[in-house]
Amino acid sequence: MMSQAVNVVRQAKRLGWVVMVSLALAASMLMPVSANTDEVGEGLFVVEPARVPFHEKRSASSLTQFRHCEGLVNASLITSFHQLLSSLSTNLGIQPPMQAPCHYTTGYLEIFGSRVDTYGWRYYINQQSMNDCVYRDHCTDFRSVNVMVKGGELKFQMMVTNLDRRLTEYMCIDTRGNLTQGHCE
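This write-up is about the structure you can find in this document. Every value quoted in this text rests on a predicted model; they were computed, and no experiment measured them.

Turning next to the sheet that holds strand 2 (residues 62-68). Spatially, 1-2-3-4-5-6-7-8 is the arrangement adopted by the eight strands of the open sheet, whose pairing is antiparallel. Looking at strand neighbours, the two that pair on one side only are strand 1 (55-58) and strand 8 (179-181), the edges of this open sheet. Neighbouring strand axes in the sheet, compared pairwise and without regard to direction, differ in orientation by 20 degrees on average. Where strand 3 (residues 102-111) lies against strand 4 (residues 114-124), 10 bridges are found, and the strand directions are antiparallel.

Moving on to the packing of aromatic side chains. All chains considered together, the criterion is met by seven aromatic pairs. Both rings, one in Phe81 and one in Phe156, keep their centres 5.4 Å apart while their planes meet at 40 degrees; by these two values the pair is tilted. Taken as a pair, Phe81 in helix 3 (residues 75-91) and Phe156 in strand 6 (residues 153-162) lie far apart in primary sequence, 75 residues in all. Classification of Phe81 as buried rests on a relative accessible area of 0%. Residue Phe156 is classed as buried on the basis of its relative accessible area, which comes to 0%.

Counted according to the given criterion, the structure contains three disulfides. Disulfide pairing places Cys69 opposite Cys102 at an S-S distance of 2.1 Å. On the S-S bond that ties Cys69 to Cys102, the torsion sits near -65 degrees, and the link is left-handed. Placement of Cys69 in the loop between strand 2 and helix 3 and of Cys102 in strand 3 is noted, with a sequence separation of 33 residues between them. Assessed through its relative accessible area of 1%, Cys102 is described here as buried. Through a disulfide, Cys172 is tied to Cys184; the S-S separation comes to 2.0 Å. Looking down the S-S bond of the Cys172 and Cys184 bridge, the torsion is 105 degrees, so its handedness is right-handed. With Cys172 in strand 7 (residues 167-174) and Cys184 in the segment after strand 8, this pair connects stretches of sequence that are 12 residues apart. You can call Cys184 buried: its relative accessible area is 5%. Each bonded cysteine of the protein chain is numbered by sequence order, and under that numbering the disulfide pairs are 1-2, 3-4, 5-6.

We now examine the pattern of salt bridges. Where charged atoms from two side chains of opposite charge approach closely, those side chains can pair. One pass over the structure, following the stated rule, counts seven salt bridges. Arg115 is paired through a salt bridge with Asp117; the nearest N and O atoms lie 3.2 Å apart. Given a relative accessible area of 43%, Asp117 falls into the partly exposed group. Across the pair Arg143 and Asp141 runs a salt bridge whose closest N-O atoms are separated by 2.7 Å. The exposure class of Arg143 is buried, given its relative accessible area of 0%. On the basis of relative accessible area, Asp141 is assigned to the buried category, the value being 12%. One salt-bridge network, held together by shared partners, links Glu153, Asp174 and Arg176.

Calculation notes
Residues numbered from 1 in each chain as written. Predicted model: local features only at pLDDT ≥ 70, side-chain atom pairs only at ≥ 80, totals over all residues. Heavy atoms only, no water. Pairing = 2+ DSSP bridges. Helix = DSSP H or I, 4+ residues; strand = E, 2+ residues; numbered from the N terminus. Axes fitted to C-alpha atoms, helices over the stretch in contact; angles between N-to-C directions. Phe/Tyr/Trp six-rings, centres within 6.5 Å; stacked < 30°, edge-to-face > 60°. Buried < 20%, exposed > 50% of the residue type's maximum accessible area, 1.4 Å probe, protein only. Disulfide = S-S within 2.5 Å. Salt bridge = Lys/Arg side-chain N within 4 Å of Asp/Glu carboxyl O.

Written as structure tokens, this is what we have:
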């Protein structure tokens, strides 16, 4: 697995994905993240989307709302992360994701009495996979990006999942464009 991740990093660097994502992140860090609007503008993503979700999942300790990515996530990030997740999937020998639909997810988790807001977006390998994941809460083969703050720094954790092969692989990229295997630390 490690050599496959290293190959993705090398390929991403050679193709300029890391530079492209890094530049988009650096430019957007100079501007505030958009709030209370359905347009992301030059920001990274919309924190409080005005657009009504097309679906949501609720439990006693969590909420996940689904909206289409367009207009809520920076278009260059949608494209760049799709390409990175496609490369990672191909190197792992599994099907790469479709670029559309892309679903932006917002919500929260309550963990040990504290609430953690969640932001991310998902890609799927086909329409059936998307339907199973979104509407049946049975995600067996999808690709996602989760936004998090670690050590005061914004990071993006990519995840590739294929349950038939019992495969879940993580990669992390920070705002400087550093791409590493595993969970964001």
